[in-house]
Amino acid sequence: MSITRKTVLEPITTDNLAEAVRIAVRPDQERFVAPVVQSLAEAYTQPDVAWPRLVRDEGRPVAFVMGAFDPTSEIDFFRAGIWRLNVAAESQGQGYGRVAVEAVAEEARARGQQRITVLWVPGDAGPERFYLRLGFRPTGQVLEDQVVGELLL
Ligand SMILES: CC(C)(COP(=O)(O)OP(=O)(O)OC[C@H]1O[C@@H](n2cnc3c(N)ncnc32)[C@H](O)[C@@H]1OP(=O)(O)O)[C@@H](O)C(=O)NCCC(=O)NCCS
């Protein structure tokens, strides 16, 4: 199935929580992203920063994305960006990752930000080529084992 105009992003509520936590990436991708349930626990502890959303297409849950907005952070790459992105294994390669990134970019623009950042772990099954394809460029910064990438809006 390909992406449709019925793709929507929903805040996480009691109605869609169970669907959100069932979003699972491929087993070989698990080391590149936290499970959705962990992201939602982190969102609970930082409600003013986290922007978690379920991506749904034609009613089907297809992805989870969590933006992070902390405009006064001393760390420049924590001010606006993608904190987590999990496209369901069966829904990958159909444009949903791109839609999720564009939604975070749109939210960042609405908040007056001029760039978004993301941190990725390098590796064959990782998201590096996806982010490069979408126009992200490494800033030269690294955090532990993660590369910092930025997309100018
Ligand atoms: C990485 C991930 C988010 C990509 O999502 P997706 O929905 O499969 O990607 P899309 O279909 O939106 O792809 C958008 C573009 O990126 C390209 N792309 C996606 N994954 C790619 C890869 N591994 N290598 C090269 N190009 C890739 C697509 O070909 C497409 O290009 P096009 O516009 O020219 O057709 C998804 O594979 C995923 O959830 N991975 C596991 C978790 C993860 O690593 N998350 C990121 C944590 S920072």
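Everything below is about the structure printed above this text.
So, here's what we can say about the structure. (Residues numbered from 1 in each chain as written. Predicted model: local features only at pLDDT ≥ 70, side-chain atom pairs only at ≥ 80, totals over all residues. Heavy atoms only, no water.)

### As for the site of the ligand
- Taken together, 21 residues lie around the ligand, and L85, G93, G95, R98 and R133 are the ones closest in.
- One nitrogen or oxygen atom from the main chain of G95 is found 2.8 Å from an oxygen atom belonging to the ligand.
- Elements supplying a minimum of two residues to the shell around the ligand: strand 4 (80-87), helix 3 (96-110) and helix 4 (128-133).
- Of all the elements, helix 4 adds the most residues to the shell around the ligand, at four residues. (Near = heavy atom within 4 Å. Polar contact = N/O pair within 3.5 Å; in protein donor to acceptor, adjacent residues only side chain to side chain. Helix = DSSP H or I, 4+ residues; strand = E, 2+ residues; numbered from the N terminus.)

### Observations regarding the pattern of salt bridges
- Following the criterion strictly, the structure yields seven salt bridges and no others.
- Close ionic contact of E10 with R56 constitutes a salt bridge, the shortest N to O distance being 2.7 Å. One end of the pair, E10, is in strand 1 (residues 7-11); the other, R56, is in strand 2 (residues 50-57), with 46 residues separating them in the sequence.
- Taking relative accessible area as the criterion, E10 reaches 22% and is therefore assigned partly exposed.
- When the shortest N-O distance is used, the salt bridge between E150 and R115 registers 2.5 Å. Highlighted residues: E150 in strand 7 (residues 146-152) and R115 in strand 5 (residues 115-120), separated in sequence by 35 residues.
- Look at the salt bridges and you will find they share partners, linking E10, E19 and R56 into a network. (Salt bridge = Lys/Arg side-chain N within 4 Å of Asp/Glu carboxyl O. Buried < 20%, exposed > 50% of the residue type's maximum accessible area, 1.4 Å probe, protein only.)

### Quick notes on the packing of aromatic side chains
- Taken as a whole, this structure holds five aromatic pairs when the rule is applied.
- Aromatic side chains F77 and F78 sit 5.1 Å apart centroid to centroid with 80 degrees between the ring planes, which places their arrangement in the edge-to-face category.
- For F78, a relative accessible area of 35% puts it in the partly exposed group.
- Measuring from ring centre to ring centre gives 5.2 Å for Y131 and F136, while their planes differ by 75 degrees; the resulting arrangement is edge-to-face. Here the two residues Y131 and F136 agree in accessibility, since each one is buried.
- Counting every residue linked through ring pairs, the aromatic cluster contains W120, F130, Y131 and F136. (Phe/Tyr/Trp six-rings, centres within 6.5 Å; stacked < 30°, edge-to-face > 60°.)

### Quick word on the nonpolar core
- Ranked by size, the top nonpolar core spans 24 residues in total, and within it I82, L85, V101, I116, Y131 and F136 carry the most contacts.
- At six residues, helix 3 tops the list of elements feeding residues into this core.
- Setting aside residues no more than four positions away along its own chain, I82 makes contact with M66, G67, V101, V104, I116, T117, V118, Y131 and F136.
- Judged by nonpolar contacts, the second largest core, of 10 residues, contains A20, A43, F64 and M66. (Core = buried A, V, L, I, M, F, W, Y, C linked by side-chain atoms within 4.5 Å. Contact = heavy atoms within 4.5 Å.)

### Describing the sheet that holds strand 2
- Reading across from one edge, 1-2-3-4-5-7-6 is the order of the seven strands in this open sheet, with mixed pairing throughout. Across the chains shown, the open sheet's two edge strands, defined by having one partner strand only, are strand 1 and strand 6 (137-143). Each adjacent strand pair in this sheet contributes to an overall mean axis angle of 30 degrees, direction not counted.
- Taken strand by strand, helix 2 (residues 36-45) contacts strand 2, strand 3 (60-69) and strand 4, and its axis lies near 35 degrees from that of strand 3. (Pairing = 2+ DSSP bridges. Axes fitted to C-alpha atoms, helices over the stretch in contact; angles between N-to-C directions.)

### Observations regarding unusual backbone geometry
- Although it is not a glycine, E58 adopts a positive phi angle of roughly 50 degrees.
- With respect to the element layout, E58 can be found in the loop between strand 2 and strand 3.
- Residue E58 is classed as partly exposed on the basis of its relative accessible area of 44%.
- Positive phi, normally seen in glycine, also occurs at E144, with a value near 50 degrees.

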